[in-house]
Structures are given as structure tokens and as C-alpha cells.
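# An overview of the molecular structure
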Amino acid sequence: MVVHQPEQTRFIIEQDGHTCLLEYALEGQNVNFTHTYVPFRLRGKGLAEQLVEAGLAWANAEQLKVKASCWYVAKFLN
């Protein structure tokens, strides 16, 4: 389950004692998704994709202009 932690400007998934995350920077009506991280042992399970989908859905609901300096998030914007 994806949890939004706006006070830490990130989305997380806690699984098997590990934290997967999507970090962002918010400036006015602009959001820049800056970093995605999934621990090695949890990779290949679609967790990063879940984080990005949740982040983009939030940005859309908030009517934010989206930018991605994270290469993984950028793949979803093309």
C-alpha cells in the first residue's frame, strides 16, 4: 500500500521491513519527482511503478505541473 508523507515530500511502500520511496520537490504549482528507490531484494515486483502511479495521480488531483528529474518517473511522462 502506497502512503503519502507530504511532510517529508515523499510516497512510500513499507514491505518486509524495507522502505521503497518516491521523493519529490514542490514549488508552488510545480512538482518535480526527484528520486525513486526500491531495495534490491524487492525489485522486479512493480513497487516503483506503484509509487509513480500514486505520485502522478496525486499531482493530477492537485492540478500540479509535473516535471521529473528522476529517469524512472520520466519514462511515465513520455
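Residues numbered from 1 in each chain as written. Predicted model: local features only at pLDDT ≥ 70, side-chain atom pairs only at ≥ 80, totals over all residues. Heavy atoms only, no water.

Its volume calculated, the largest pocket comes out at about 240 Å³. In this structure, the largest pocket is lined by 16 residues; those nearest its centre are Thr 36, Val 38, Arg 43, Ala 48 and Tyr 72. Put simply, the parts of the chain that give the lining of the largest pocket at least two residues each are β4 (30–37), α1 (47–61) and α2 (71–77). Sorting elements by how many residues they give to the lining of the largest pocket places β4 first, with four residues. Among the residues making up the lining of the largest pocket, the classes are represented as eight nonpolar, five polar and three charged. (1 Å grid on protein atoms, 1.4 Å probe; cavity = no way out; pocket = protein on both sides within 12 Å on 5 of 7 lines; lining within 4 Å. Points joined across faces, edges and corners; volume = space filled by probe spheres on them. Helix = DSSP H or I, 4+ residues; strand = E, 2+ residues; numbered from the N terminus. Nonpolar A, V, L, I, M, F, W, Y, C, P; charged D, E, K, R; others polar.)

The next subject is the side chain of Gln 5. Positionally, Gln 5 belongs in strand β1 (residues 3–5). Look at Gln 5 and you get buried, because its relative accessible area is 16%. Of note is the side chain of Gln 5, whose polar atom sits 2.6 Å from the side chain of Arg 10. Those residues in contact with Gln 5 that sit more than four places away from it in its chain are Arg 10 and Ile 12. (Buried < 20%, exposed > 50% of the residue type's maximum accessible area, 1.4 Å probe, protein only. Polar contact = N/O pair within 3.5 Å; in protein donor to acceptor, adjacent residues only side chain to side chain. Contact = heavy atoms within 4.5 Å.)

Turning to the environment of Thr 34, a few remarks are in order. With respect to the helices and strands, Thr 34 occurs in strand β4. The contacts of Thr 34, once residues within four sequence positions are left out, are Glu 23, Tyr 24, Ala 25, Ser 69 and Cys 70.

By themselves, these observations are geometric and do not establish any function.
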